[in-house]
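Here is how the chains run, residue by residue.
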Amino acid sequence: MSITTNLKQIQLAIPENVTLVAVSKTKPNEAILEAYQTGQRIFGENKVQELTDKFESLPKDIEWHMIGHLQSNKVKYIAPFVSLIHGVDSFKLLKEINKRAAQNNRTINCLLQIHIAEEETKFGFDSTEVTELIESEKFKGLQNVNVIGLMGMATFTDNEAQIKKEFSSLQTLFTKLKNQHPKLNTLSMGMSGDYQLAIECGSTMIRVGSSIFGNRN
Ligand SMILES: *Cc1c(COP(=O)(O)O)cnc(C)c1O
């Protein structure tokens with residue numbers, strides 16, 4: 001099926017309060033432009049160089065989300081334009097984003113990544129760490145970052161019960177933090193294979209790549 005058909009189907013199938021991030025990593029500009037023609041404006045990339053190249057060559061009303069693991073030394077390249085950074089997994093990184101945002105006279109929206117998967121390889125805070133961080137003075141002192149929610153990735157498995165358990169635990173944490181900090185309004189969870197389940201578990205932002213653009217090589 002075409003990108004246009006795939007995208008329209010997903011847009012129709014998801015509730016209005018759920019934001020769709022079209023994950024365009026590894027895909028050429030032509031594919032992104034086809035999605036853009038359908039009205040899609042939010043795109044996600046996971047590599048700094050690719051994100052920067054695409055920002056420079058594509059329409060300026062695209063909102064670019066950094067969804068991958070971000071190294072502190074690369075924040076400066078995306079700080080001038082990025083609209084949301086999903087995978088903030090350390091205070092050190094948040095501090096660097098704050099510094100580079102200030103240099104660009106902007107405030108950068110961020111999500112704190114929570115480790116929900118069983119796999120060792122996934123980055124992120126655990127629930128105690130993130131609760132402590134949000135309450136801390138050092139966190140409140142950061143003027144140029146706006147932490148608007150949480151992000152998580154489930155274990156890569158066919159076991160639906162396990163995925164559901166992981167998404168539910170993230171939702172519980174999100175709801176708890178949101179009660180104390182109403183500014184938190186975004187829960188980024190769900191990809192091509194599991195976004196329906198994620199929405200059932202309270203996701204407000206899904207990151208979908210292959211179901212829109214086809215498989216990546
Ligand atoms: C690649 C990627 C996605 C999209 O994955 P699909 O399975 O192609 O939908 C979502 N989130 C992150 C963090 C990714 O790196």
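Residues numbered from 1 in each chain as written. Predicted model: local features only at pLDDT ≥ 70, side-chain atom pairs only at ≥ 80, totals over all residues. Heavy atoms only, no water.

Caption draft 1: Up close: the pairing of strand E8 (residues 205-208). Burial of E8 is two-sided: the residues Met 205 and Arg 207 facing one way and the residues Ile 206 and Val 208 facing the other way are all buried. Examined bridge by bridge, strand E1 (residues 19-23) and E8 share four bridges and lie parallel to one another. Across the sheet, Ala 22 pairs through a bridge with Val 208, a residue of E8. (Buried < 20%, exposed > 50% of the residue type's maximum accessible area, 1.4 Å probe, protein only. Helix = DSSP H or I, 4+ residues; strand = E, 2+ residues; numbered from the N terminus. Pairing = 2+ DSSP bridges.)

Caption draft 2: Up close: the packing of helix H6 (residues 127-135) against helix H8 (residues 160-180). Packing of H6 against H8 brings their axes to within 11 Å, and their N-to-C directions diverge by 15°. One way to sum up the angle between H6 and H8 is to call them roughly parallel. The crossing of H6 and H8 is right-handed. Here H6 contributes Ser 127, Val 130, Thr 131, Ile 134 and Glu 135 to the contact with H8, which in turn contributes Leu 173, Lys 176, Leu 177 and Gln 180. (Axes fitted to C-alpha atoms, helices over the stretch in contact; angles between N-to-C directions. Parallel < 35°, antiparallel > 145°, perpendicular 65-115°, else oblique. Left-handed = near helix turned anticlockwise from the far one by under 90°. Contact = heavy atoms within 4.5 Å.)

Caption draft 3: A look at the side chain of Asn 98. For Asn 98, the location among the structural elements is in helix H5 (residues 91-103). At 2.6 Å, the side chain of Asn 98 forms a polar contact with the backbone nitrogen of Asn 144. (Polar contact = N/O pair within 3.5 Å; in protein donor to acceptor, adjacent residues only side chain to side chain.)

Caption draft 4: Representation of the pattern of salt bridges in the model. Tallying each qualifying case throughout the model produces four salt bridges. For Arg 41, the salt bridge identified is with Asp 61, shortest N-O distance 3.2 Å. Residue Arg 41 is located in the loop between helix H2 (29-37) and strand E2 (42-45), and its partner Asp 61 is located in the loop between helix H3 (48-57) and strand E3 (63-66); the two are separated by 20 residues in the primary sequence. The exposure class of Arg 41 is partly exposed, given its relative accessible area of 27%. Owing to a relative accessible area of 41%, Asp 61 belongs among the partly exposed residues under this scheme. Taken together, the salt bridges that share partners define one network made up of Glu 45, Glu 50 and Lys 54. (Salt bridge = Lys/Arg side-chain N within 4 Å of Asp/Glu carboxyl O.)

In short, geometric facts, not functional conclusions.
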